[in-house]
Amino acid sequence: MSSHDIFLGETIGTAILVLLGGGVCAAVTFKRSKAYEAGWVAIAFGWGFAVLTGAYLASGVSGAHLNPAVTIGLAIEGGTKWSDVPLYLVSQLFGAMIGAALVWLAYYGQFHAHLTDREVLAAHNGTDGDEGLVDPKAAPEAGPVLGVFSTGPEIRNLAQNLMTEIIATVVLVLAILTQGLNDNGNGLGTLGALITALVVVSIGLSLGGPTGYAINPVRDLGPRIVHALLPLPNKGGSDWSYAWVPVVGPLIGGALAGFIYKLF
């Protein structure tokens, strides 16, 4: 694959992944959305279909890593050259930021309505609603729409949160690496995108509860950067004190999966 192929495939594929994944989070979050409060199952399947779409689009161009944890695992396994890894990672982060910006554009009116809704702001800030709109500088560490962009823990225990992300990412990357054991080592072709998507749904349903299952550093970091940059009223903080967990955890998980594959 040429550098152009890697950049194009990973940028577009990751942008589609984050657009559709962030889109389902927005659809479930916003009161003025037809999918409001559709629930965790909708989010899990939405992210699975997002992976399926992004991977199918990019598979013939860049191999559809769409995730630094996958890239690291494949580099350790030997399927990706280490010299290509930096370009994969930069392209994935760029694509994730584009995808997050597109979610904002697609739900522009809903963002404004949600972030100027007194009941929403009062509930988020623990007030009775009589104080009026909140000063953004005084908003909690994680703003009321940060969940549309990035993950956050239900119980803030960084050691447990990190371990959850590591375990979930090992499952994902091992499931991808072992596709190469099928059909005399030729993998599953485009069928692999469907298998990977179903694995992501399974991880979301089974392991996503504690942290929101980032399992992909750029899926979390790119949108978090966009959240910090966007001119959203009353958006609150981007929770940077937690931001390292969904980056470091998946990277460790991807590396562990690569070593486990090589060992066994």
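Everything below is about the structure shown above.
A. Inspection of the overall build of the chain at higher detail. Summing up its helical and strand segments, the chain has 11 helices and zero strands in all. Listed N to C, the secondary structure of the chain is α-α-α-α-α-α-α-α-α-α-α in terms of helices and strands. The C-alpha atoms of the chain give a radius of gyration of 18 Å, which matches the 18 Å a tight globule of 264 residues would have. Projecting the C-alpha coordinates of the chain onto the three principal axes gives extents of approximately 65 × 35 × 30 Å. The buried share of the chain, taken over its 264 residues, is 50%. A separation threshold of at least 6 residues defines the contact pool for the chain, and within that pool the share at least 24 residues apart is 77%.

B. View of empty space enclosed by the protein. Summed over all chains, the structure comprises one cavity of 30 Å³ or more. Lining the largest cavity we find V18, G22, W47, A100, V103, V148, F149, R219 and P223. Elements represented by at least two residues in the lining of the largest cavity include exactly α1 (3-29), α4 (85-106), α7 (146-149) and α10 (217-229). When its residues are assigned to classes, the lining of the largest cavity shows seven nonpolar, one polar and one charged.

Reading the values: the criteria
- Residues numbered from 1 in each chain as written.
- Predicted model: local features only at pLDDT ≥ 70, side-chain atom pairs only at ≥ 80, totals over all residues.
- Heavy atoms only, no water.
- Helix = DSSP H or I, 4+ residues; strand = E, 2+ residues; numbered from the N terminus.
- Rg over C-alpha atoms; globule rule 2.2 N^0.38 Å.
- Buried < 20%, exposed > 50% of the residue type's maximum accessible area, 1.4 Å probe, protein only.
- Contact = heavy atoms within 4.5 Å.
- 1 Å grid on protein atoms, 1.4 Å probe; cavity = no way out; pocket = protein on both sides within 12 Å on 5 of 7 lines; lining within 4 Å.
- Points joined across faces, edges and corners; volume = space filled by probe spheres on them.
- Nonpolar A, V, L, I, M, F, W, Y, C, P; charged D, E, K, R; others polar.

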